[in-house]
Amino acid sequence: AGTAPRLVLFFASPAFEPRALGKAMQGAFPDAILLGCTSAGEIAAGQMLKHSVVAMAIPDAIVPDLHVEVIEGLGRGAGIAAATAARASSRRDDE
């Protein structure tokens, strides 16, 4: 484990074309898992920015066994049920 980014979480202005931005981010962080979304304003160093991209890179030393999975078909009720199940599981782990 080292300091290479394992996960890059980024927030971008909707002014950026998503595919082009994704390609640019993958080029900048080829070995990282990327998670990104659009935002109404990006915050960096305590300042609100507009028409920008802000990113947080988390090294593999912090998240060596990171796994990301896409779960499709979560509706309103399913999302609430999943959150409730996660809280219940967390409480069991604390006992």
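Residues numbered from 1 in each chain as written. Predicted model: local features only at pLDDT ≥ 70, side-chain atom pairs only at ≥ 80, totals over all residues. Heavy atoms only, no water.

A separate point is the side chain of serine 39. Looking at the secondary structure, you find serine 39 in the loop between strand S2 (33–38) and strand S3 (42–44). Setting aside chain neighbours within four positions, we find serine 39 in contact with Phe11, Ala12, Ser13 and Pro14. (Helix = DSSP H or I, 4+ residues; strand = E, 2+ residues; numbered from the N terminus. Contact = heavy atoms within 4.5 Å.)

Attention now moves to the side chain of serine 13. Assignment of secondary structure puts serine 13 in the loop between strand S1 (5–12) and helix H1 (18–28). Of the residues examined, serine 13 reaches a relative accessible area of 4% and is grouped as buried. If sequence neighbours within four positions are ignored, serine 13 has contacts with Ser39, Glu42, His51 and Ser52. (Buried < 20%, exposed > 50% of the residue type's maximum accessible area, 1.4 Å probe, protein only.)

Think of a sheet as strands paired side by side through backbone hydrogen bonds, with each pair either parallel or antiparallel. Strand order in the open sheet formed by three strands is S2-S1-S5, and the pairing between neighbours is mixed. Edge positions in the open sheet fall to S2 and strand S5 (53–59), since each of these has one partner strand only. Strand after strand, the sheet turns through a mean of 15 degrees between neighbouring axes, direction not considered. Here S1 runs beside S2; their pairing, made up of six bridges, is parallel. Bridge pairing in S2 links alanine 12 to threonine 38. Against the sheet, H1 contacts S1, S2 and S5, and its axis sits at roughly 150 degrees relative to S1. (Pairing = 2+ DSSP bridges. Axes fitted to C-alpha atoms, helices over the stretch in contact; angles between N-to-C directions.)

Residue-level pLDDT values for the protein chain average 80, and 75% of them are 70 or greater. At the level of individual helices and strands, the protein chain shows its lowest average pLDDT in helix H2 (residues 76–94), which scores 58, and its highest in H1, which scores 93. (pLDDT = per-residue confidence, 0-100.)

Core analysis: the largest hydrophobic core is formed by six residues, namely Val8, Phe10, Ala12, Leu21, Met25 and Ala32. Among the elements of the structure, S1 and H1 are those that each provide at least two residues to this core. No other element matches the three residues that S1 contributes to this core. (Core = buried A, V, L, I, M, F, W, Y, C linked by side-chain atoms within 4.5 Å.)

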